[in-house]
Amino acid sequence: METADDREIWEYAIEVEAVIVTKDEDFANRRTLAAQGPQIVWIRRGNTTRAALLSWFEPLLLDVLNAIERGELVIEIV
């Protein structure tokens, strides 16, 4: 999916019942307006290395998983 556009990612996530984890505000906005679609984890973090991002995200993972289980549509991580 690395070269897929937003529409392809969205449709694939619906098809396989995946959660989209993204830094792209477009997915969060689209999910807010859509009647149906995948859950979105919107990471609001500035430019950083992958290692630093994962290190920052790891302690938040349990809270994110709980939000997914509760059925939250857009989970915003700041």
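Definitions and cut-offs
Residues numbered from 1 in each chain as written. Predicted model: local features only at pLDDT ≥ 70, side-chain atom pairs only at ≥ 80, totals over all residues. Heavy atoms only, no water. Salt bridge = Lys/Arg side-chain N within 4 Å of Asp/Glu carboxyl O. Buried < 20%, exposed > 50% of the residue type's maximum accessible area, 1.4 Å probe, protein only. Patch = residues over 30% accessible without salt bridge, like charges linked within 9 Å, V, L, I, M, F, W, Y side chains within 5 Å. Areas by Shrake-Rupley, 256 points an atom, 1.4 Å probe, with all protein chains shown as cover. Helix = DSSP H or I, 4+ residues; strand = E, 2+ residues; numbered from the N terminus. Axes fitted to C-alpha atoms, helices over the stretch in contact; angles between N-to-C directions. Parallel < 35°, antiparallel > 145°, perpendicular 65-115°, else oblique. Left-handed = near helix turned anticlockwise from the far one by under 90°. Contact = heavy atoms within 4.5 Å. Core = buried A, V, L, I, M, F, W, Y, C linked by side-chain atoms within 4.5 Å. Pairing = 2+ DSSP bridges. Arc of directions from axis to C-beta. Polar contact = N/O pair within 3.5 Å; in protein donor to acceptor, adjacent residues only side chain to side chain.

## Concerning the pattern of salt bridges
Logical step 1: For the coordinates displayed, the defined rule picks out three salt bridges.
Logical step 2: We note a salt bridge from Glu 72 to Arg 70, for which the minimum N-O separation is 2.6 Å.
Logical step 3: By relative accessible area, Arg 70 is classed as exposed at 58%.

## Details of a nonpolar patch on the surface
Logical step 1: On the surface, a nonpolar cluster with roughly 290 Å² of combined accessible area is contributed by Met 1, Tyr 12 and Val 16.
Logical step 2: Looking at where Val 16 falls in the secondary structure, it is placed in helix H1 (residues 6-16).

## Topic: the packing of H1 against helix H2 (residues 25-33)
Logical step 1: As a packed pair, H1 and H2 sit with axes 11 Å apart at the nearest point and diverge in direction by 55 degrees. Taken together, the axes of H1 and H2 are oblique relative to one another. Crossing geometry of H1 relative to H2 is assigned as right-handed. The segment H1 lies against H2, with Asp 6, Arg 7, Ile 9 and Trp 10 engaging Asp 26, Phe 27, Arg 30 and Arg 31.

## Details of the nonpolar core
Logical step 1: Within the largest apolar cluster, nine residues are counted, these being Val 41, Ile 43, Leu 53, Trp 56, Phe 57, Val 64, Ala 67, Ile 75 and Ile 77.
Logical step 2: At the level of secondary structure, the elements contributing two or more residues to this core comprise strand S2 (40-43), helix H3 (50-57), helix H4 (61-70) and strand S3 (74-77).
Logical step 3: The leading source of residues in this core is H3, at three residues.
Logical step 4: If sequence neighbours within four positions are ignored, Val 41 has contacts with Val 19, Ile 20, Val 21, Thr 22, Phe 57, Val 64, Ile 68, Ile 75 and Ile 77.
Logical step 5: Formed by seven residues, the second largest nonpolar core is a distinct cluster that contains Trp 10, Ala 28, Ile 40 and Trp 42.

## A short note on the sheet that holds strand S1 (residues 20-22)
The strands that make up a sheet are held in pairs by hydrogen bonds between backbone atoms, and each pair lies either parallel or antiparallel.
Logical step 1: Strand order in the open sheet formed by three strands is S1-S2-S3, with parallel pairing between adjacent strands. Of all the strands in the sheet, the pair left with one neighbour each is S1 and S3. The mean inter-strand angle of the sheet, taken between neighbouring strand axes irrespective of direction, is 15 degrees.
Logical step 2: The pairing of S1 with S2 spans three bridges and is parallel. Residue Thr 22 lies in a different strand from S2, and its bridge partner there is Trp 42.
Logical step 3: Sitting on the sheet, H4 is in contact with S2 and S3, with an inclination near 165 degrees to S3.

## Some thoughts on H2
Logical step 1: Of the positions making up H2, those classed as buried are Phe 27, Ala 28 and Arg 31. For H2, the angular spread of buried residues about the axis comes to 100 degrees, placing them on one side. More than 90 degrees from the buried face of H2, the exposed residues found are Thr 32 and Leu 33.
Logical step 2: On its buried face, H2 is in contact with H1, S1, S2 and S3.
Logical step 3: For H2, the N-terminal cap is Asp 24; the gap from its side-chain oxygen to the backbone nitrogen of Asp 26 is 2.8 Å.

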